[in-house]
Amino acid sequence: MTQPERRILLLGGTGEARDLADRLKDAVGIAVITSLAGRTATPHLPRGEVRIGGFGGMEGLSAYLKKAAIDAVIDATHPYATGMTRNAAEACNALAVPRLLLRRPAWQAQSGDNWIKAASLEEAASEISRGPWQRIFLSTGRQEITPFAGLTGRWFLLRTVDPLAPPLPAPIRTVEVGRGPFDLAAETLLLKTWGIDLLVTKNSGGTATYAKIAAARAQKLPVIMITRPQTPEGKNVSSVAEAVRWALELP
Ligand code: NAP
């Protein structure tokens, strides 16, 4: 007797999620629906079925899981997407739906790196207010500007995927529009062109946005590294290959 199709909700927004959707697309007996938050105007769409937009909190997600007859959830969101990850954990626990967290490993400091760790964006802003830096590359994304709004005496460069409509929010003075992957030569040029003396970043992990870290190291620039948020209890893996195996072994 053939097994019924298992329907997997893949919470995406990362390269790993796209890769996973691609690798499960033709798996026999598995249907994947990728969910995107809809943060960018022209998202890189994965292969297969896609839905876009929030679910409406934990309750909305629970209702969706039931209505769409989801058998399992793979959370492959960005490591700092704490709201979505928490909602997924709570909804899956409540409905006894199997859930896997796919998180790429965090970057580790290496010889020559000068990392100042900050537990939050607010802590990063407070560190900057006490420090000597004047020209700061804020690579944390457009959603994360508010904690820095009081630092109006400093010059901030922000990088966003989509252009920002003027006026720029305080304290941003310049915006670079760009979508990874970024390479070392381009990141080195960017830091030099703008005379950057401090980089602020999340510890996203992976290769697509690592070049800025290597460029900062080569130029002996300090980096304020926002520590990764904690993840909920549960099964987690760090590679797409492990997530593929988990999906194929679903009961
Ligand atoms: P979040 O705080 O976890 O999400 C906030 C809300 O957005 C969620 O509660 C959910 O809305 C909706 N959402 C998030 N991911 C979703 C998905 N895959 N499918 C459907 N709805 C989703 O995360 P965030 O605000 O998106 O981003 C947090 C951090 O992650 C930021 O630092 C951002 O720069 C970084 N990041 C996010 C993405 C991304 O694609 N989301 C990509 C790269 C980096 P409801 O409560 O209505 O369900």
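The structure we're discussing is the one just above.
Throughout this description, residue numbers start from 1 for each chain and increase along the sequence as written. Under the rules for a predicted model, residues below a pLDDT of 70 receive no local features and side-chain atom pairs below 80 are neither given nor counted, while totals for whole chains, interfaces and linings still include all residues. Side-chain numbers here rest on the full set of heavy atoms in the structure, without hydrogens or water.

1. Focus: helix α6 (residues 211–218)
Now for step 1: Whether a residue is buried, partly exposed or exposed follows from its accessible area with a 1.4 Å probe, protein chains only, as a fraction of its type maximum: under 20%, in between, or over 50%, in that order. Under the scheme used here, helices are H or I runs from DSSP no shorter than 4 residues and strands are E runs no shorter than 2 residues, and both carry numbers assigned from the N terminus. In terms of burial, α6 is a largely internal element, 7 of the 8 residues being buried.
Now for step 2: Buried within α6 we find A211, K212, I213, A214, A215, A216 and R217.
Now for step 3: Positive phi shows up at K220, right after α6, with a value of about 55°.

2. Thoughts on the site of the ligand
Now for step 1: The environment of the ligand is formed by 24 residues, the closest being S35, R39, F55, M84 and K202.
Now for step 2: Under the rule applied, a polar contact is a pair of N or O atoms within 3.5 Å (in protein, one hydrogen donor and one hydrogen acceptor; residues adjacent in sequence only if both atoms are side-chain atoms). T82 has a polar backbone atom sitting 3.4 Å from an oxygen atom of the ligand.
Now for step 3: Surface exposure here means Shrake-Rupley accessible area, sampled with a 1.4 Å probe, where a residue is shielded only by the protein chains that are shown. Protein burial of the ligand: of its 830 Å² of free accessible surface, 78% is covered by the chains.
Now for step 4: Contributions of two or more residues to the shell around the ligand are made by β2 (30–36) and α3 (82–95).
Now for step 5: It is α3 that contributes the most residues to the shell around the ligand, 4 residues altogether.
Now for step 6: Bear in mind that the domain bounds are from an automatic or database domain assignment. Residues from two domains meet in the shell around the ligand; each of domain 1 (6–104 + 230–248) and domain 2 (115–226) gives at least three. Throughout this document, a residue counts as near a molecule or strand when at least one of its heavy atoms sits within 4 Å of that molecule or strand.

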